[in-house]
Amino acid sequence: MMDQENRNNILRLFFKQVAVAAAIVAILAALTLTVYYLSGQQGNIQDSPVLTALKAKLEKYPDNEKLLFEFRDQDLKERTAFFRKSSFLDYGKNIFIVFFLLALAAFRLKGVFTERLPEVKKGSETVYKTGELAGANIYMVSSGLTAVIILGLLGTFAIWGFQKLPFEPAETEIKEKVIDLSSAWNGFRGPAGTGLVKDGNYVKEWDIKTGKNIIWQIALPVKSYSSPVVYKDNLFLTGSEAKVLKVSCYDAKNGSLKWSSSVMVPVKLDDVEIMSEDAGGAGYAAPTTVTDGELVFAFFATDHLVCFDYAGKQRWVKYFGKSENTYGLSSSPLLWKKNIILQLDRGGEGLSKLVSLDRKTGQITWETKRPVGASWGTPAIIEYKGKNELITTGEEQVISYDPDTGKELWRVKCLTGEISTSPVYGDGKIIAIDVGSVSTVSAIIPGGAGDVTKTNIVWSMQEENQAINTPVTDGKLLVVAMNSLVVGQDIKTGKVLWKISLEDDFWASPSLVNGTIYVPSQKGKVYIVSYEGKLLGTMDMDSKCSASPAFVDGKIFIRSEKNLFCIGTR
Amino acid sequence: MKVNYKRVLIGAIFLYLVASPVFGEYKFPPPEFDTNYLVPVMRTVPARADWLVYLDIFILIEVILLSAWASLKRRSRNIVMLISMFSLLYFGFYKEGCICPIGAVQDIVLSLTNPNYYLPFTAVLIFIIPLVASLFIGRAYCGGACPHGALQDLLLLKEIKIPRWLDRSLSMLAYIYLGLAVLFALTDSVFLICKYDPFVPIFRLTGPFYMLLNGGFFVLLSLFIGRPYCRFLCPYGALLKPLALVSREKVTITPDKCIVCKLCEDSCPFGAINKPDKPERRKAKNRLVVLGLFISGLIAGGVLGNYTGALLATYNRDVKLAVEIYAYSEGEPEKIILSDYAKEYIRTGESSLLLYEKVAGVKNKFKTGGIYLGVWIMFVMGLQFLYAARKPKRDIYEPDSARCMSCARCFRDCPIERQEKSTGDGSRKQE
Ligand code: SF4
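Analysis parameters
- Residues numbered from 1 in each chain as written.
- Chains lettered and ligands numbered in written order.
- Predicted model: local features only at pLDDT ≥ 70, side-chain atom pairs only at ≥ 80, totals over all residues.
- Heavy atoms only, no water.
- Helix = DSSP H or I, 4+ residues; strand = E, 2+ residues; numbered from the N terminus.
- Buried < 20%, exposed > 50% of the residue type's maximum accessible area, 1.4 Å probe, protein only.
- Areas by Shrake-Rupley, 256 points an atom, 1.4 Å probe, with all protein chains shown as cover.
- Pairing = 2+ DSSP bridges.
- Contact = heavy atoms within 4.5 Å.
- Buried area = accessible area lost by both parts, 1.4 Å probe.
- Salt bridge = Lys/Arg side-chain N within 4 Å of Asp/Glu carboxyl O.
- Polar contact = N/O pair within 3.5 Å; in protein donor to acceptor, adjacent residues only side chain to side chain.
- Expected span 1.5 Å × (residues − 1).
- Axes fitted to C-alpha atoms, helices over the stretch in contact; angles between N-to-C directions.
- Left-handed = near helix turned anticlockwise from the far one by under 90°.
- Nonpolar A, V, L, I, M, F, W, Y, C, P; charged D, E, K, R; others polar.
- Phe/Tyr/Trp six-rings, centres within 6.5 Å; stacked < 30°, edge-to-face > 60°.
- 1 Å grid on protein atoms, 1.4 Å probe; cavity = no way out; pocket = protein on both sides within 12 Å on 5 of 7 lines; lining within 4 Å.
- Points joined across faces, edges and corners; volume = space filled by probe spheres on them.
- Lys, Arg positive; Asp, Glu negative; His and termini not counted.

Engineer: Summarise the overall build of chain B; cite the residues concerned and give the values.
Structural biologist: Of the regular secondary structure elements, chain B holds 19 helices and two strands. When its C-alpha atoms are laid out on the principal axes, chain B stretches across 80 × 65 × 45 Å. Within chain B, the proportion of its 431 residues that are buried is 53%. Entry remark: accessible area of chain B is about 20900 Å², with carbon and sulfur atoms responsible for 64%.

Here you go:
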């Protein structure tokens, strides 16, 4: 018995010593941490005033090397200091916790070996107090009170819960507004995608040097092949710069920039390699935008279709997966009823397809695989015998689809080469041009099913020049702009009515405006040609014109490589 | 010396808490220029090996049984304490408090509504085992196996007694918390119990700032109040309580007959000892009125819960995101700074309209869930009220089975126990 008591005493003393020692260490650690903390030494380089100042300076003088190195040195210094501090704090914290717990544990163990006699302690009444409160049992009162408090809280929360979310589903149901787009130039080659303008007064003469008939002119920060699109006062352009895809909106009245938004996408654009404009590719932003009057849709060679609203806010993005087409893509999105239709001819096994997406949500409404390789044309929607057909040009063939379902209707094999031309429609005929050293112009009547190559080609003719753009027709005259040649043909028979030879090349598509033909060129000119094939004038621009112009409300919008012009009378 | 010693420890904790903000997470951008530094690739920690998980379960079972043995058979506080220290080290600091039965309730609930949520069988076991055990041996899990409880036990230095009526009212919080946690888990919103677990950041020695703050708060409370989390908030304890009430084996303060010496009256730090009582017979209340009140309480709970649900929905991350995206799409773009989460959302390319639609569904789920929550809260409230009205006749001191956490503290204060120990088997350690 005595032995045990002795042993207990020794152990009690031992644990007491351990507890005291551990507690001292813990307190020292806590003290150090507290002093360290209160001395404000918890630096975070994000708030560093020195770095912020240096950064601001550097933004002012970005080329100052000395400043740059100073910034880097400072950055490194602060980071090193920060990490030193944080590892110090980390050690301190661990030391505190370990020793504090040790102290507690030793304290408890000391208790194990401490003899303590039971006693009736003071304060036990506190626990058991069952006094009557105003004649009622205190438990009942407190339970009742708790119930009241909880009910009250529930009630308060319920009242808060009454307030609606800012968007109740019923309100977000978009009311289909009917927006009149007839007077807009809302997509590639105008509202109907034809490049045809039937009214309005457009000048046939201007001079960028003297400013004659130039309403405004602005320098464009980036190069790209997409064409301007205009709805009311909003002019949309796309561009790309150092792998940042941009959609910009300018004021069509004066050319001031309304907004320029970068596209936010879910993939790293560094992984996408597209040949730039300078290297002979189409670049990242060759497709033209399309707008429905509320939203604007832009397609980029990175295979992203993106929707912005008129405030420049991104509404949705659809990514179609990486393509194998390193030249870039140039097919522009098309508006069709509630949908956006996109021809994605991207090369690679099974990569080419037609997709239709819901305009508001970007959800795919239908998708049809296309049996073709890469191509660059924009499809056209025509009306034939009361039915709508979606006409596409691509590798070897013209294929027609139902634009509502994506079902294939018929196909004609009449194309060779890498097709960058889009189809046009006039006088009941679809005109398709292939791309090679020789251009074959084919006129096809729609209708039928399956392969109708044998039956549906009405006429075809060849010219020994290359055409890569899209022709224009008013249903009588067909104008084709080829390398060093502009040709006027009778669309009924294909008979050549006139030819103009020009030392120039044409990537932008010609437009037929109230009987006058406008042909922008690679040499930085716009040729004005009469309906009868007479060259009325040659307007000098500042640089290459690869984008098709927009004609709205008496104003011509032309994008050259460097500038954007608004041409017309004030 | 003893008192000073405690004060010193309490002081240390205070001191430490002052400095604790330094451990808030720091995040700052990488340098804005190229460096030779290779940003390390993010790695995911491999899952714990299967056999280890089963070992954990085996250990859990062992610890619960041992703890029951120590409190029911061996009746030794010291052994219970040693077991709980082991649990603190193993389940707490080594396993970093995860997965624990407290949080597992959320996994189980979520897997009921979301078939894509993978619920490991072991999680079910971890949830079920202590519950089943409590049917037979009371809250042995709380007494010895729960690292949360062990830590709070260790911290209790200067006890402040809480009156019973307050204790009973505060313990309602656990049921409300349980209801909320279930609702938030069911709607796939957040694991509330895990997010606001006060002790996990201590087990992990790190955590986001709010968690450290929460942890600090509970550490402070635990210095003065016996197991505040277990008693007033623990949702798992809320589940264990009714089961322990009908448990087969129950802790008794004395190994023999209670002589009503009052010595143990104050020994329970959790206010779990019931006192002998001879209530005067009161005249029976009109049962119909009580029933009517009870039912109208449930209905009121349901109605209010429905709208409360709508409020709770705003804590769902999708709803928050939708509100932010809505503000962004309606406001002026330059003036709105988007959160990283919103930016990432825009990057995914999903249309906000789809988000709004989804969120409307989430809100409805919350509203329906809110009805159940309201009814549940009022139901528990009603039971508590009826329980309070009940006044059983009691002749001896005995633990309240629901509240007793089998910690074995009260035994030491029983003179009969002491006598038995000292005259009994000589090999027994003196308590
Ligand atoms: S064993 Fe005794 S002291 Fe421990 S919780 Fe139960 S009643 Fe309280």
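Now that the structure is up, let's keep going.
Engineer: Which residues make up the sheet that holds strand β33 (residues 535-540) of chain A, and what values go with them?
Structural biologist: Residue and element names in this part refer to chain A. A sheet is described by the order of its strands in space; here five strands give the open sequence β3-β30-β31-β32-β33, paired in mixed fashion. Lying at the two open borders of the sheet, with one neighbouring strand each, are β3 (196-197) and β33. Bridge count between strand β32 (residues 525-530) and β33: five bridges; the pairing is antiparallel. Residue pairing for β33: V526 is matched across the bridge by M539.

Engineer: Requested: an account of the interface of chain A and chain B, with residues and values cited.
Structural biologist: The interface of chain A with chain B comprises 91 residues on the first partner and 102 residues on the second. At the boundary of chain A with chain B, total buried surface from both sides reaches about 8900 Å², with 71% on carbon and sulfur atoms. In this structure, the connection of chain A to chain B is made through zero salt bridges. Scanning the region where chain A abuts chain B turns up twelve residue pairs in polar contact (both at pLDDT 80 or more).

Engineer: Can you tell me about helix α2 (residues 50-73) of chain B, naming the residues and giving the values?
Structural biologist: Residue and element names in this part refer to chain B. End to end, α2 covers 34 Å across 24 residues, agreeing with the expected 34 Å (1.5 Å per residue, within 8%). Buried within α2 are the following residues: V53, D56, I57, I59, L60, V63, I64, S67, A68, A70, S71 and L72. Here the buried face of α2 lies against α3 (77-94), α5 (121-137) and α6 (140-145).

Engineer: Break down the pairing of strand β16 (residues 364-369) of chain A for me, with residues and values.
Structural biologist: A regular strand carries its side chains on alternate faces of the sheet. Residues and elements named next belong to chain A. The sheet contact formed by strand β15 (residues 353-358) and β16 spans five bridges and is antiparallel. By the bridge assignment, S356 is partnered in β16 with W366. What sits between the antiparallel neighbours β15 and β16 is a turn of five residues, in which G362 has the positive phi angle 80°.

Engineer: Mind laying out the packing of helix α15 (residues 287-313) of chain B against helix α18 (residues 352-389) of chain B, listing which residues take part and the relevant values?
Structural biologist: Residues and elements named next belong to chain B. Orientation of α15 relative to α18, taken along the N-to-C sense of each, is 145°, at an axis distance of 6 Å. In terms of crossing hand, the pair formed by α15 and α18 is right-handed. Here the residues of the contact of α15 with α18 sort into 15 nonpolar, nine polar and two charged.

Engineer: Account for the packing of aromatic side chains, with residues named and values stated.
Structural biologist: With the rule as written, the count across this model stands at 34 aromatic pairs over all chains. With 5.4 Å between their ring centres and 15° between their planes, F96 of chain A and F100 of chain A make a pair best called stacked. With a gap of four residues between them, F96 of chain A and F100 of chain A both fall in helix α3 (residues 65-112), about one helical turn apart. Just as F96 of chain A is buried, F100 of chain A falls in that class too. Between F86 of chain B and Y90 of chain B, the ring centres sit 5.6 Å apart and the planes meet at 10°, which makes this aromatic pair stacked. Of this pair, F86 of chain B and Y90 of chain B both sit in helix α3, four residues apart, roughly one helical turn. Looking at F86 of chain B, the relative accessible area reads 38%, which means it is partly exposed. In this structure an aromatic cluster arises from ring pairing among Y231, F236, W259, F308 and Y310 of chain A.

Engineer: Can you tell me about the side chain of R231 of chain B, naming the residues and giving the values?
Structural biologist: All names here are of chain B. Considering the arrangement of structural elements, one finds R231 in helix α13 (residues 228-232). Polar contacts involving the side chain of R231 include one to the side chain of D167, which spans 2.8 Å. Each residue touching R231, except ones within four places of it in the same chain, is listed here: I162, D167, S171, I225, G226, K241, P269, F270, G271 and M405.

Engineer: Describe the environment of K243 of chain A, listing the residues and the values that go with them.
Structural biologist: Residue and element names in this part refer to chain A. Within the secondary structure layout, K243 lies in the loop between β6 (234-241) and β7 (244-251). The partly exposed category is assigned to K243, whose relative accessible area is 23%. Along the chain, K243 and D75 lie 168 residues apart, while their C-alpha atoms are 27 Å from each other.

Engineer: Quick rundown of empty space enclosed by the protein? Include the residues and the values.
Structural biologist: Gaps left between atoms show up when a probe the size of a water molecule is rolled over them. Within the structure shown, the criterion is met by eleven cavities of 30 Å³ or more. Of the pockets and cavities examined, the largest cavity occupies roughly 280 Å³. The wall of the largest cavity is formed by 21 residues, among which F96 and I97 of chain A together with Y16, I202 and V219 of chain B lie closest to the centre. Going through the elements one at a time, α3 of chain A together with α1 (2-19), α7 (147-155), α11 (200-204) and α12 (209-224) of chain B are the ones with two or more residues in the lining of the largest cavity. Here the element with the most residues in the lining of the largest cavity is α3 of chain A; it accounts for five residues. Looking at the lining of the largest cavity residue by residue, the classes come out as 16 nonpolar, four polar and one charged. Quantified by volume, the second largest cavity comes out at close to 110 Å³. L60, F91, I99, C100 and P101 of chain B are the residues nearest the centre of the second largest cavity, which is lined by 13 residues in total. Contributions of two or more residues to the lining of the second largest cavity are made by α2 and α6 of chain B. For the lining of the second largest cavity, a count of residues per class yields ten nonpolar, one polar and two charged.

Engineer: Report on the sheet that holds β6 of chain A, specifying residues and quantitative values.
Structural biologist: All names here are of chain A. Here four strands make up an open sheet; going across it, the order is β5-β6-β7-β8 and the pairing antiparallel. Every other strand in the sheet has two partners, leaving β5 (229-231) and β8 (257-262) as the edge strands with one partner each. The sheet shows a mean angle of 25° between the axes of neighbouring strands, direction not considered. Across eight bridges, β6 lies against β7 in antiparallel orientation. By the bridge assignment for β7, T238 is matched with V247.

Engineer: Please set out the side chain of R77 of chain B residue by residue, giving values where relevant.
Structural biologist: Following the sequence through the fold, R77 of chain B ends up in helix α3. Notably, R77 of chain B is buried but unbridged: the nearest opposite-charge side chain belongs to D153 of chain B, and the N-O separation is 4.2 Å.

Engineer: Just give me the short version of the pairing of strand β29 (residues 496-501) of chain A, but keep the residues and values in it.
Structural biologist: Residues and elements named next belong to chain A. Pairing analysis gives five bridges linking strand β28 (residues 485-490) to β29, with the strands arranged antiparallel. Bridge pairing links Q489 to V496 in β29. Taking the residues that link successive antiparallel strands as the turn, the β28-β29 hairpin has five residues, and the phi of G494 there is positive, at about 90°.

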